Amino acid sequence: MRKFCLILLSIGLITAFSMPAAAADVKFDGSYVAQGTYDNNRKLADPTYGSVSSIWQRARIGTTFKIAEGLTFTTRFDAMEKVWGAAAGYAATPDTISENIKFENAFVTFAVPIGTFQAGYMNRGAWGTVYGNNSETDNGARARYIFVTGPVTVRAVWDKVEGSKGVVATQYGTAGYASEHDSEKFALEGWYKWNAGEAGLQLQYVLDTSNADSQATGYKAKYYAINPYAKAKFGPVYVEAELGFATGKYREYITENATIRMDQDISAWRGYIMANADLKPAYVGAVVFYASGDKKTTDANGTGSKYEGGVKTGNDFNPCLILMNYDMGRWYGAVGNYQTVANNIDNVFGGQLFAGIKPMPKLDVKFNVTTAKLNENPTTTELVSKKLGYEADLTAAYKIYDNLEYMIGFGYLWAGDAFKGTSSTNKVENDYLVTHKLTLTF
């Protein structure tokens, strides 16, 4: 009997080991970033009253599980996203839990004969050029269909954001209006690629009822956005540009009252163009960027009958080391004291000249000068000036390995009078910072 059992067990083991594996193939990608900074006078105070100095880090891991041919499941999480030595819980934004794992992506991709579908939590903030993108932060619920034929790609997208009341409708008033209290975005995107470039167009429709839970003061937002872009190379010159325009109803009140509140249209613009000439081993270029601001008023809406802001430069667009820099603004706060300016602003007009040289394939030394100003007054009281000032930055990045880069940089900001706020008696002083950054990608 014992021999029979051993023979049976042996046959079972042989059969089990000879069966094809059913486990999914897994691919990993990710990054690790550690950046140290000394910022001498971020508040632009005169006299200066304190510098900031720290090192922040983030580990990011992405996984793609191949379940079957044409079927994958993708996840991404960030971990140990914090300032070195800070207590657990210290974080730049409320949704970041320091020292813990935060999953941001989890979605399924499956191919069918007529295209590809994706559904789940994924990045929603990337389109066209870097300008206006939020690929670091805009992750949420989305479903999309992708169709590719030759050089043409078409995508149909649906974004869904539940409001604070979730899926429970709220009844109010004699009309019994039920607010879904959420926000939805529908988009149709398409682009065409050729050997020397690509061009695309994004059409969006936004329906936002997250503020419609009061018959007395509730309102909806229903507007459209049009975002074309183009990228092209002409010999040694590379050019990319993007335009954005939003129109429709920014506020459509449930009950309009001319003396208290009025419906509000939206008419907002943003634009960006960058040109880079490769003169090997050197390069030179220029950037011009614009995001329409909203003029503040003292009416019930606070911005008049037309809203002209809201189209932001984006977290991915970091033209400077101090001004409009996502990481600096995130960990060290807004620039300025009397009038603060953070990254991703929706009220700016600026330009930059840059030049660099690559004396060896692994070393890139770059210098740029940037000037910027506000388009509109951000408060109901006039600012002393709309000029944000000038900034000069010098960076050197060296690839220790193909996947490991070390960067050092120095930036100096000549603060403009916009930082004095609404009083000419306020004093501002310039700012400089020194930074170094280690970036691993895999």
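Calculation notes
Residues numbered from 1 in each chain as written. Predicted model: local features only at pLDDT ≥ 70, side-chain atom pairs only at ≥ 80, totals over all residues. Heavy atoms only, no water. Helix = DSSP H or I, 4+ residues; strand = E, 2+ residues; numbered from the N terminus. Contact = heavy atoms within 4.5 Å. Buried < 20%, exposed > 50% of the residue type's maximum accessible area, 1.4 Å probe, protein only. Polar contact = N/O pair within 3.5 Å; in protein donor to acceptor, adjacent residues only side chain to side chain. Core = buried A, V, L, I, M, F, W, Y, C linked by side-chain atoms within 4.5 Å. Salt bridge = Lys/Arg side-chain N within 4 Å of Asp/Glu carboxyl O. Lys, Arg positive; Asp, Glu negative; His and termini not counted. Phe/Tyr/Trp six-rings, centres within 6.5 Å; stacked < 30°, edge-to-face > 60°. Lys NZ or Arg CZ within 6 Å of the ring centre and 35° of its normal.

Caption draft 1: How the structure looks around the environment of Thr379. Positionally, Thr379 belongs in the loop between β18 (363-373) and β19 (387-401). The spatial distance from the C-alpha of Thr379 to the C-alpha of Thr303 is 9.8 Å, given a sequence separation of 76 residues. Once you skip the residues sitting within four places of it in the chain, Thr379 turns out to touch Lys296, Gln339 and Thr422.

Caption draft 2: Just the side chain of Arg58, in detail. Mapped onto the fold, Arg58 is located in strand β2 (residues 52-68). With a relative accessible area of 6%, Arg58 lands in the buried category. In terms of polar contacts, Arg58 uses its side chain to reach the side chain of Glu136, at 2.8 Å. When neighbours within four sequence positions are excluded, Arg58 is seen to be in contact with Ser31, Tyr32, Val33, Asp78, Ala79, Met80, Glu81 and Glu136.

Caption draft 3: Structural detail: the nonpolar core. Residues Val287, Phe289, Met324, Val348, Leu388 and Phe419 are the most contacted members of the largest nonpolar core, which totals 36 residues. Within the residue set of this core, elements represented by two or more residues are β14 (264-279), β15 (282-291), α2 (326-332), β17 (348-360) and β20 (404-415). Element by element, the count of residues in this core is highest for β15, at 4 residues. Among residues more than four places away in sequence, those in contact with Phe289 are Tyr131, Gly271, Tyr272, Phe317, Met324, Val348, Phe349, Gly350, Gly351 and Thr370. Listed in part, the 8 residues of the second largest apolar core include Val206, Tyr223, Tyr307 and Val311.

Caption draft 4: Broad picture of the pattern of salt bridges. Taken as a whole and assessed by the stated rule, the structure comprises 19 salt bridges. Here Lys66 and Glu69 are joined by a salt bridge, their closest N and O atoms 3.2 Å apart. Here Lys295 and Glu382 are joined by a salt bridge, their closest N and O atoms 3.9 Å apart. Separated by 87 residues along the polypeptide, Lys295 in the loop between β15 and β16 (306-307) and Glu382 in the loop between β18 and β19 bring together distant segments of the chain. Residue Lys295 is classed as partly exposed on the basis of its relative accessible area of 40%. A residue is classified by how much of its surface remains accessible, and Glu382, at 48% relative accessible area, is partly exposed. Several salt bridges share partner residues, and in doing so they unite Arg58, Arg60, Arg76, Asp78, Lys102, Glu104 and Glu136 into one network.

Caption draft 5: Here's a closer look at the side chain of Asp294. If you trace the backbone, Asp294 turns up in the loop between β15 and β16. For the buried residue Asp294, which engages in no salt bridge, the nearest side chain bearing the opposite charge is Lys296, 4.3 Å off. A polar contact of 2.7 Å, which involves the side chain of Asp294, links it to the backbone nitrogen of Glu308. The residues contacting Asp294, other than those within four sequence positions of it, are Thr303, Lys306, Tyr307, Glu308, Gly309, Glu376 and Asn377.

Caption draft 6: Seen up close, the packing of aromatic side chains. According to the stated counting rule, one finds 22 aromatic pairs in the structure shown. Consider the rings of Trp127 and Trp191, whose centres lie 5.9 Å apart with planes at 70°: the pair is edge-to-face. Of the two residues, Trp127 sits in the loop between β5 (115-123) and β6 (139-149) while Trp191 sits in strand β10 (residues 182-194), which places them 64 residues apart along the sequence. For Trp191, a relative accessible area of 16% gives the class buried. Through a chain of ring-to-ring contacts, the aromatic side chains of Tyr131, Tyr272, Phe289 and Phe317 assemble into a single cluster. Seen from the ring of Phe354, Lys366 lies directly overhead, with NZ or CZ sitting 4.8 Å from the centre.

Caption draft 7: Layout of unusual backbone geometry. The residue after Asp46, namely Pro47, is reached through a cis peptide bond having omega 0°. Structurally, Pro47 is set in the loop between β1 (25-39) and β2. Cis rather than trans, the peptide bond between Lys280 and Pro281 has omega equal to 5°. Inspection of the secondary structure assignment puts Pro281 in the loop between β14 and β15.

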